[in-house]
Each structure stands twice: as C-alpha cells, then as structure tokens.
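The residues making up each chain are set out below.
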Amino acid sequence: MDHVHGGRGLAGSMASIVVFLAVTGILATHEEAHGQIINVSALAGKPVKDGHTGTVNLALMARAGNTQILVSSANTTNFWRFGEHVLLLTAKASYGLKGGRGEWNEEPYQERIFEHLRYRRDISDWLSVEGFVQHEYDRWRRLRFRGLAGAGPRFDFDLGKSSHLGLGVAFMSQWEELLSPKAGDLHGIHQESRLSSYLSASIKLNDDAALSGSFYVQPNLARFSDVRGLVDAKITVALTKRLALRVLLALNYDTAPPAQVRGYDASTNVGFTLAL
C-alpha cells in the first residue's frame, strides 16, 4: 500500500469511502418498509408477512492530526418469507486505515468480510428446522478462510405481544485456514465439528424502543474444553418511521485461540439503521 501524505490524501481517502458507502446503500435499497461467532439470530422474532424485510447499516469514522484513523463499514440483513419457508442473508464488510503525522501505515487497521445464508422451514408455530452456510475473512484475527455449514432444529416462543424467545441447536462442520501460520498453529485448511447452540430474546420496551440479546455456545465435539461463545445485547430507538439509533455491546470468547491471538474480543458500537 502506498503512503498518503497530508490533508489532501486524507480528504481523498474519505471521499472514496463515502462514495463506496453511498453506492452500497443505493444497491441495497428496497421500495417496501419492512467465530469468532457472529450473531445471526439477533432478529429473534420471525417475519410474519410474505415478501422481503431488511436493513442496511453504514458507518464512517475519521480522525486526523497526530493520530489519523479512517474506518468504514457496511452491513445488511435481509429476510424473505414465502409461506413456511424463510431465507436469511446477512453480510458485513469493514476496512480501516491508521497512521500519524500525515502518513498511513502500510497495513490496514481493519480488513474483514463476512457472509451468512440461512434457510428455515416452519413445521409448526413453535418448531422449525434450519440449515446454514457461512464464509469469513478477518486479517487481524488471522483468518485467511473460515467456511462452515450446519443444520438443526429451532424453537420459537412468543412471550406476550412484546417479547419473543428463540432457541436453536445445530450440528456444524467448519473448515478453517490461518494467515501466516506460527508455531503451534495447524497449517493449511483443517476441519472440525462443533455443536452450535444459541438462546436469543427480544422485548419491546415501548412504542419507540426495543431490546434484544443473544447467547451462543459452540463446543468442539472432539475436545469439549475447546469452546467458542458470544454474548451480545442491542437496544434500538426509533427516530423516524424508517431511521433508528442502535447501540450494540458484544463479547466473543474462545478457549483455544490461534497463537498470538487473544481469547476474547469486546466491542461497543453506536450507529443508525435504515429500514427498507
């Protein structure tokens, strides 16, 4: 990566990323209003109407001066329901630069891509079966490739008009390859099987605010001391009919991470959600 000097370079980089985010939002718009472990069950309630429902989230963070940081991110979550059949597609991407005194570091500060596709077939009001596939690349967690596929039952319970509880259990096969293998790492692509279980809940606090949370546990079936998990919570506050403020808190943990990678990641995120 070439170095970028001065305010003109910063402005050019910011302009490029703003254009990218704008194009992403335009491509994802719709005319109707409706391992580290990634939480794909945060929308605990099931879409009740046929057709498409979805959201797009865009964020840009910039800092200039002695320390300069530029991070862009985009993600989208989409549901399609056709009778008893439900399809979920969620995708995320982020890219960030970091530097100081008018120069960017040669390596990006963040570089990540994630896609998840899930199919669910309703058996009854409270029981469904689902299958999923997923791909992930994350430079700073040293993931060159992570692909997984799984299937299992899901149980849904409406706890009154304003709250919902979802429970899922699945057998999952995972294929993983690390960037720049180090001493103690497994080289090349290796496969493992895990039990993926999650509990997800949501509650409507009032007409404009809702709270949701999820808890994941994924033990390695060949070595139960190797466990991955996720705890996260999100509060959403409606600002207009289509625009909402969201605050997300998340904690990922891994009892057997790759060499020189910490076993936990904690994050907070404040952003806006646009309903499509």
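Note that the structure is a prediction, hence the values are computed from the model and not measured.

Colleague: Provide a residue-level description of the pairing of strand β13 (residues 264-275), including the pertinent values.
Modeller: Pairing of strand β1 (residues 51-63) with β13 involves two bridges; the strand directions are antiparallel. Counted as the bridge partner of Thr55 is Ala275 from β13. As judged from the 11 bridges shared by strand β12 (residues 243-254) and β13, these two strands associate in the antiparallel manner. Residue pairing for β13: Leu245 is matched across the bridge by Phe272.

Colleague: Requested: an account of the pattern of salt bridges, with residues and values cited.
Modeller: This model, assessed by the stated rule, comprises 16 salt bridges. A salt bridge links Arg146 to Glu176, with the shortest nitrogen-to-oxygen separation between them at 2.4 Å. Of this pair, Arg146 sits in strand β7 (residues 143-158) while Glu176 is found in strand β8 (residues 163-178), placing the two residues 30 residues apart along the sequence. Take Arg146 and Glu176: they sit in the same class, and that class is buried. Note that Arg194 and Asp226 form a salt bridge whose closest N and O atoms lie 3.0 Å from each other. Here Arg194, found in strand β9 (residues 190-204), pairs with Asp226, found in strand β11 (residues 223-238); they are 32 residues apart in sequence, far enough to count as distant. For the residue pair Arg194 and Asp226, the accessibility class agrees, reading buried in each case. Residues joined in a network through salt bridges with shared partners are Arg112, Glu136, Asp138, Arg146, Glu176, Glu192, Arg194, Arg223, Asp226, Arg228 and Asp254.

Colleague: Lay out the side chain of Ser196 in plain terms, naming residues and giving numbers.
Modeller: Among the secondary structure elements, Ser196 is positioned in strand β9. Given the relative accessible area of 6%, Ser196 is considered buried. Side chain to side chain, Ser196 and Gln218 meet in a polar contact 3.0 Å long. Leaving out residues up to four positions away in the same chain, Ser196 has contacts with Gly168, Val169, Ala170, Met172, Val217 and Gln218.

Conventions and cut-offs
- Residues numbered from 1 in each chain as written.
- Predicted model: local features only at pLDDT ≥ 70, side-chain atom pairs only at ≥ 80, totals over all residues.
- Heavy atoms only, no water.
- Pairing = 2+ DSSP bridges.
- Helix = DSSP H or I, 4+ residues; strand = E, 2+ residues; numbered from the N terminus.
- Salt bridge = Lys/Arg side-chain N within 4 Å of Asp/Glu carboxyl O.
- Buried < 20%, exposed > 50% of the residue type's maximum accessible area, 1.4 Å probe, protein only.
- Polar contact = N/O pair within 3.5 Å; in protein donor to acceptor, adjacent residues only side chain to side chain.
- Contact = heavy atoms within 4.5 Å.

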